[in-house]
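Residue-level structural notes
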Amino acid sequence: MTERIQHTMNEIRAKALEIHNELVQERTKNQTLHVQILEIEDRLKSAKLIENEYLAAIDQLKLDLEVAKNQIIEVSAPQNERNEEQIDELVKEIEYCIGQLKK
């Protein structure tokens, strides 16, 4: 009977050691995963900072584009007026020349 009890105790001890080893392995995996999560969170923060910088740059470029468009419109308007004036002058010259040819 004592041999049987000793055998059962050895089996229990072996299973307890096996469970303990599995627990240690799981804790190690857990710690590794925790470190990976922290690294990923740091990379995510860095990516968000870069994203914010890009968004700010995009906003600035949009503002610059609007300013440039306004400047083009302001510069283009006087040129159109000049072109119309030049056309009017040319029309008058042509009419004058036609009038001279008719005489």
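The residue numbers shown here count from 1 along each chain, following its written sequence. Only residues with pLDDT of at least 70 are given local features in this predicted model, and only at 80 or more are side-chain atom pairs given and counted; all residues enter the totals for whole chains, interfaces and linings. Hydrogens and water are ignored here; the side-chain numbers use all heavy atoms of the structure.

**Side note on the overall build of the chain**
Put simply, DSSP H or I for four residues or longer makes a helix, DSSP E for two residues or longer makes a strand, and each gets a number counted from the N terminus. From N to C terminus, the chain includes 1 helix and 0 strands. When the 103 residues of the chain are sorted by exposure, 0% land in the buried category. Here the Shrake-Rupley method, with its probe set to 1.4 Å, supplies the accessible areas, and only the displayed protein chains count as covering residues. In the form shown here, the chain has an accessible surface area of approximately 10100 Å², with 59% of it arising from carbon and sulfur atoms. Buried means the residue's accessible area, taken with a 1.4 Å probe over protein chains only, is under 20% of the maximum for its type, while exposed means over 50%, and partly exposed covers the values in between.

**Some thoughts on a nonpolar patch on the surface**
By definition, no residue in a patch forms a salt bridge, and every one has over 30% relative accessible area; like charges are joined within 9 Å, nonpolar side chains (Val, Leu, Ile, Met, Phe, Trp, Tyr) within 5 Å. A pairing counts as a salt bridge when a side-chain nitrogen of Lys or Arg comes within 4 Å of a carboxyl oxygen of Asp or Glu. A cluster of nonpolar side chains, namely Ile50, Tyr54, Leu55 and Ile58, defines an oily patch on the protein surface of about 400 Å² accessible area. Mapped onto the secondary structure, Ile50 falls in helix 1 (residues 2-102). Since its relative accessible area comes to 42%, Ile50 is described here as partly exposed.

**Concerning a negative patch on the surface**
His is not counted, nor are the chain ends; Lys and Arg add positive charge and Asp and Glu add negative charge. To locate a charge, take NZ of a lysine, CZ of an arginine, CG of an aspartate or CD of a glutamate. Together, Glu84, Glu85, Asp88, Glu89 and Glu93 give the surface a local cluster of negative charge. Topologically, Glu84 is positioned in helix 1.

**Some remarks on the pattern of salt bridges**
According to the stated counting rule, one finds 1 salt bridge in the structure shown. Glu26 is paired through a salt bridge with Lys29; the nearest N and O atoms lie 3.6 Å apart. One end of the pair is Glu26 and the other is Lys29, both in helix 1 and 3 residues apart, which spans about a single turn.

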